[in-house]
Amino acid sequence: MRRLIFLGCMVILAACRQAPVLPTGVVADNAMVVSARVEASRIGVAIMKKGGNAFDAMVATEMALAVAYPFAGNLGGGGFMVYRKASGDIGGLDYREKAPLTAHADMYLDSLGNVIPDMSTVGATAVGVPGTVAGIIEVHQKYGSLPLNEILQPVIDLANKGVVVTEKQAKRLESYKERFIAVNGDSTKFAREFKAGDTIKYPELATTLTKIMDQGRDGFYKGEVAQKIAAFIQENGGFITEKDLEKYEAVWRYPVVFTYKDLKIISMSPPSSGGVTMNQIFKMMEPYDIGSFGHNSEKAIQLFTEAARRAYADRNYFLGDPDFVDIPLDVILTQEYLTQRMEGFSFDGATPSSDVSHGQVEVLESMETTHYSIVDAKGNAISATTTLNGGYGSKLYHPELGIFFNNEMDDFSAKPGVPNMFGLIGAEANSIAPEKRMLSSMTPTIVEKEGELWLVVGTPGGSTIITAVAQTILNSYEFNMSMQQAVNAPRFHHQWLPDVLMFEEEGFSGELKENLKTKGYQIMEGRSRIIGKVDAIKILPDGRLEGGADKRGDDTAVGY
């Protein structure tokens, strides 16, 4: 009788997990953009209403974020995009920044071989060759359907009209003000105080965008703009030349594709570490029925943490730019290898990170990234993550061009084994070399369920990106949450080193944390930051779209 009752309960539990959940986010019939700012989401949707496809909307949204969200939206940075066409065809674009031609492995070390403080993080010496403009032009040339001027004119109009400052943006600008002044002087545009409700106009950025609209790629990487960028960077002690800019190219790459139960997950390939690391995490968890453990339960957190611990150890050792290093994906993604990696796992206690090296086969990045998800009326989907690395990048601002420059050079391993500014340990695979792309945690992802488009998801959050995306997918699939619920749910993170388990402020009980401590888990004490700002879209059973815009930011879903 007990066995029958138990089996009955399991059947009911499984049925509950499979029952369609009512949407709690913004729902649209045809198309949707979810991004960090309402202005960018609206412009992307307006492009699709005019007959543009998801790729046209990507160009518009990416450039609108450079205007409305300069904290991470950019012309002076780079990113990754994964797409799935309505036909089922998939692909990815790498428009990650590159090291300048004069770069070398020891460029951030002093005469004693020690890392020079701030050199790879602040000012012109930290700037990698930007890739964003090359990325959007490449997307437009290959898959765009509207003329570039129709796509970019609304963005230029937004820059001239100005953007209203939100409360969150006002706080960010205030907290960064002294750093802006330290790098750019007290006459910089962002030295003044901005309050919520103020309007910031960007006429210089509008002029730069107009050159790109008129001249395409050459409007940024050649001619007047390229000359001004190179001269400005070099005057401030940096390394980028006109030749660096002219040589830059975005690269089409095939995504990492793997299954988890009846899901097909399509995510970015190296030099993004997101797809590979998430692949390992999901495959290490797959033998367990995590859905039956309960959302953010002790056992669910343990299983996820131990899989993440092992995957991040491999990430930090093996991954880098595939154009420069051989990555043993044919080994580290096999089920045999991953089963071996989990052999020491037990629910009885933690596996100390000191006992977990990379697997035998013969770094925290910045939070200040931004992500957007797009689905158009035909069913084409785009997941794109773009960044300057740190908030406002290197803090270096070009007053004539209206752009901030990245500090992505810090995402390399300035010295193997030494953590970068955000705590991630790097290895030889991610050492600096001319024209090499630095390793990233950006994880733009698209998920199919039973062969159909189901989720479009991604987030900022540095090294926490991978765990935030994975937990959002699990929330939707294993714990049957609506898209908005899955995005809003409290998150946790572990990345091998430092060996600490980090929880968001709300949503985890003191009892849960104490229980984990007794099992040997080190809990990060004190005030915790938020983990990611997920922007995602779910395709509902009736074909409508539900947007999940993260409550942690000003993120907004717009659809029609």
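- The name recorded for the chain in an unreviewed UniProt entry is Glutathione hydrolase proenzyme, from Croceitalea dokdonensis DOKDO 023.
- Per UniProt, the chain has the following entry under Subunit (unreviewed entry): "This enzyme consists of two polypeptide chains, which are synthesized in precursor form from a single polypeptide."

**A look at the overall build of the chain**
Part 1: Secondary structure assignment for the chain yields 18 helices and 20 strands.
Part 2: Taking 2.2 N^0.38 as the reference for a compact globule, 560 residues should give roughly 24 Å; the C-alpha atoms of the chain span a radius of gyration of 23 Å, in line with that estimate.
Part 3: Along the first, second and third principal axes, the C-alpha atoms of the chain reach 80 × 60 × 45 Å.
Part 4: When burial is assessed residue by residue, the chain has 62% of its 560 residues classed as buried.

**A short note on unusual backbone geometry**
Part 1: Residues Pro270 and Pro271 are joined by a peptide bond in cis, for which omega reads 15 degrees.
Part 2: Along the chain, Pro271 turns up in the loop between β9 (263–267) and α11 (274–285).
Part 3: Between Leu497 and the following residue, Pro498, the backbone shows a cis peptide bond with an omega angle of -5 degrees.
Part 4: By the secondary structure assignment, Pro498 is in the loop between β16 (492–493) and β17 (502–503).
Part 5: Residues other than glycine seldom take positive phi values, yet Lys395 does so here, at roughly 75 degrees.
Part 6: Mapped onto the secondary structure, Lys395 falls in the loop between β11 (381–387) and β12 (397–398).
Part 7: Positive phi values are uncommon outside glycine, yet Trp496 reaches one of about 75 degrees.
Part 8: Secondary-structure assignment places Trp496 in the loop between β16 and β17.
Part 9: Trp496 gets classed as buried once you look at its relative accessible area, which sits at 13%.

**Focus on the UniProt feature "active site" (unreviewed entry) in the chain**
Part 1: When the UniProt feature table is mapped onto this chain, "active site" (unreviewed entry) is found at Thr369.
Part 2: If you trace the backbone, Thr369 turns up in strand β10 (residues 369–375).
Part 3: Beyond its immediate chain neighbours, meaning those up to four positions away, Thr369 contacts Ala72, Thr385, Thr386, Thr387, Met442, Pro460 and Gly461.
Part 4: Engagement of the side chain of Thr369 in a polar contact is seen with the side chain of Thr387, the distance being 3.0 Å.

**Concerning the sheet that holds strand β3 (residues 78–84)**
Part 1: The sheet built from seven strands is open, its strands ordered β7-β4-β3-β11-β10-β2-β20 with antiparallel pairing. Sheet topology places β7 (251–253) and β20 (556–559) at the edges, where each strand pairs with a single neighbour. Neighbour-to-neighbour, the strand axes of this sheet turn through a mean angle of 15 degrees, independent of strand direction.
Part 2: As paired elements, strand β2 (residues 32–35) and β10 share three bridges and run antiparallel to each other.

**Digging into the packing of aromatic side chains**
Part 1: Applying the stated criterion across every chain, the model contains 34 aromatic pairs.
Part 2: Aromatic pair Tyr317 and Phe318: ring centres 4.9 Å apart, planes at 90 degrees, arrangement edge-to-face.
Part 3: On the accessibility criterion, Phe318 (7% relative accessible area) is buried.
Part 4: Through a chain of ring-to-ring contacts, three or more aromatic side chains come together here, namely Tyr69, Phe71, Tyr176, Phe180, Phe190, Phe194, Tyr392, Tyr397 and Phe404.
Part 5: The ring of Tyr176 carries the charged tip of Arg179 above its face, separated from the ring centre by 4.1 Å.

**Re helix α5 (residues 148–161)**
Part 1: The terminal C-alpha atoms of α5 lie 20 Å apart, and with 14 residues this matches the ideal 20 Å at 1.5 Å per residue to within 8%.
Part 2: Those residues of α5 that are buried lie in contact with α2 (38–49), α3 (54–68), α4 (132–143), β5 (163–164) and α7 (203–215).
Part 3: Gly162 lies just past α5 and shows a positive phi near 105 degrees.

**Quick word on the packing of helix α13 (residues 298–318) against helix α16 (residues 464–477)**
Part 1: Running from amino to carboxyl end, α13 crosses α16 at an angle of 140 degrees, the nearest separation of the two axes being 12 Å. In terms of crossing hand, the pair formed by α13 and α16 is right-handed. Contacts between α13 and α16 pair Phe304, Ala308, Tyr312 and Arg315 from the former with Ile466, Thr467, Ala470, Gln471 and Leu474 from the latter.
Part 2: The residue makeup of the contact of α13 with α16, split by class, is six nonpolar, two polar and one charged.

Conventions we followed
- Residues numbered from 1 in each chain as written.
- Predicted model: local features only at pLDDT ≥ 70, side-chain atom pairs only at ≥ 80, totals over all residues.
- Heavy atoms only, no water.
- UniProt positions renumbered as here; feature names shortened; annotations may be inferred.
- Helix = DSSP H or I, 4+ residues; strand = E, 2+ residues; numbered from the N terminus.
- Rg over C-alpha atoms; globule rule 2.2 N^0.38 Å.
- Buried < 20%, exposed > 50% of the residue type's maximum accessible area, 1.4 Å probe, protein only.
- Contact = heavy atoms within 4.5 Å.
- Polar contact = N/O pair within 3.5 Å; in protein donor to acceptor, adjacent residues only side chain to side chain.
- Pairing = 2+ DSSP bridges.
- Axes fitted to C-alpha atoms, helices over the stretch in contact; angles between N-to-C directions.
- Phe/Tyr/Trp six-rings, centres within 6.5 Å; stacked < 30°, edge-to-face > 60°.
- Lys NZ or Arg CZ within 6 Å of the ring centre and 35° of its normal.
- Expected span 1.5 Å × (residues − 1).
- Left-handed = near helix turned anticlockwise from the far one by under 90°.
- Nonpolar A, V, L, I, M, F, W, Y, C, P; charged D, E, K, R; others polar.

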